[in-house]
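If you want the building blocks of each chain, they are given just below.
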Amino acid sequence: MKHALKIAQISDTHLFADKNTLHYGSNVYQHLVNVLMHIQGVEKPDFIVFTGDLTQDHTDASYQQFVEIFQQIDIQIPVHFISGNHDEHCQLEQYLTDKPFNSSKIITRNIWQTLLINSKSETPSGYVSEGTLNKLSNNVDPNKKQLIFMHHHPIDVGYFIDKHGLKNKNEFWNVIQQFPSIQAIACGHVHNDLSIQPEQSGYNIPLYTCPATSIQFDQTANTSACNGKGAGYRVFELGNDGTCITRTHFVSDLAKGNHDE
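The following paragraphs examine the structure supplied in this document. Computed from a prediction, not measured in an experiment: that's the story for all the values here.

A closer look at unusual backbone geometry
For the bond running from Lys99 to Pro100, omega is 15 degrees, close enough to zero to count as cis. Inspection of the secondary structure puts Pro100 in the loop between helix H3 (89-95) and strand E6 (101-102). Even without a glycine there, the phi angle at Asp12 is positive, about 55 degrees. The exposure class of Asp12 is buried, given its relative accessible area of 0%.

Below, the structure written as structure tokens:
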């Protein structure tokens, strides 16, 4: 199957002003470097989509670190992005201006349309506003297939991060399920690679979560804790026949750390 569009999703970099600062014992700066080098050298996607939580310490310098990593590795692949709960829209728009960054929230190729939607609220939890949902409805092309990217998870995943999930799930799904052309939803925020199929969720669209480039959460813990798994990312291959194939990579454990879904 020849793909019409290949997208690498990265999420939850949680960078600091100082690139040597550790996050739960991990050098998240180096983790992002490793992930981007693997994306560039192995997967070679058409686009990269970053689904938020760039910063951990909320400094301007952390945004500058993010940009400088892409420049130093010489990433030429277009990078589209949305905010996470840790980020500020204005800072993303201020620093992610030059190539390879692209502020457009729609990617269209052949039969596929990829839409990036904002779920950032005033709290760590997510909220998709009525205006955003209306915009999404207007942007969906029923003659194409859609893959939706967002930061927050619109389905509970069964561990502590659910207290910071999407707060208006019912409103979100009431809109999403009106469009049979939407094939999948992809998010970040949960710091794990999960695949939640319709038979598990009760919704008619699968949800795929992206492993973080920073750390992966321990799903048995009551609060943020690292499970020891390496930095990761997710790949989507969107076919000319309408199929959506996805897999994840963990760059520190490549022998057993990638799989198709």
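A short note on the environment of Ile77
With respect to the element layout, Ile77 can be found in the loop between helix H2 (60-73) and strand E5 (79-81). In this structure Ile77 comes out as buried when scored by relative accessible area, which is 11%. Leaving out residues up to four positions away in the same chain, Ile77 has contacts with Ile39, Pro45, Asp46, Phe47, Ile48 and Pro100.

A word on the state of the cysteines
Considering all chains together, one arrives at 0 disulfides under this definition. The thiol of Cys187 is unpaired, and the distance to the nearest cysteine sulfur, on Cys210, comes to 8.7 Å.

What about the pairing of strand E8 (residues 112-116)?
Burial runs high along E8: 5 of the 5 residues are buried. What you see with E8 is no split at all: Trp112, Thr114 and Leu116 on one side and Gln113 and Leu115 on the other are buried throughout. As judged from the 4 bridges shared by strand E7 (residues 106-109) and E8, these two strands associate in the antiparallel manner. Bridging across to E8, Arg109 finds its partner in Trp112. Here E7 folds back onto E8, and the loop between the two strands holds 2 residues, one of which, Asn110, carries a positive phi near 50 degrees. In the sheet, E8 pairs with strand E9 (residues 145-150) via 5 bridges, with the strands oriented parallel. Within the sheet, the bridge partner assigned to Leu116 lies in E9 and is Phe149. Handedness of the crossover is the feature at issue here: the chain leaves E8, passes through helix H4 (residues 130-139), returns alongside E9, and the resulting connection is right-handed.

Looking at helix H1 (residues 28-43)
The terminal C-alpha atoms of H1, which comprises 16 residues, lie 21 Å apart, in line with the 22 Å expected from a rise of 1.5 Å per residue. All buried positions along H1 are accounted for by Val28, Tyr29, His31, Leu32, Val33, Val35, Leu36, His38, Ile39 and Glu43. Capping the start of H1, Asn27 holds a side-chain oxygen 3.1 Å from the backbone nitrogen of Tyr29, two or three residues further along.

Rules used in this analysis
- Residues numbered from 1 in each chain as written.
- Predicted model: local features only at pLDDT ≥ 70, side-chain atom pairs only at ≥ 80, totals over all residues.
- Heavy atoms only, no water.
- Helix = DSSP H or I, 4+ residues; strand = E, 2+ residues; numbered from the N terminus.
- Buried < 20%, exposed > 50% of the residue type's maximum accessible area, 1.4 Å probe, protein only.
- Contact = heavy atoms within 4.5 Å.
- Disulfide = S-S within 2.5 Å.
- Pairing = 2+ DSSP bridges.
- Right-handed = clockwise from strand over helix to strand, strands pointing away.
- Expected span 1.5 Å × (residues − 1).
- Polar contact = N/O pair within 3.5 Å; in protein donor to acceptor, adjacent residues only side chain to side chain.

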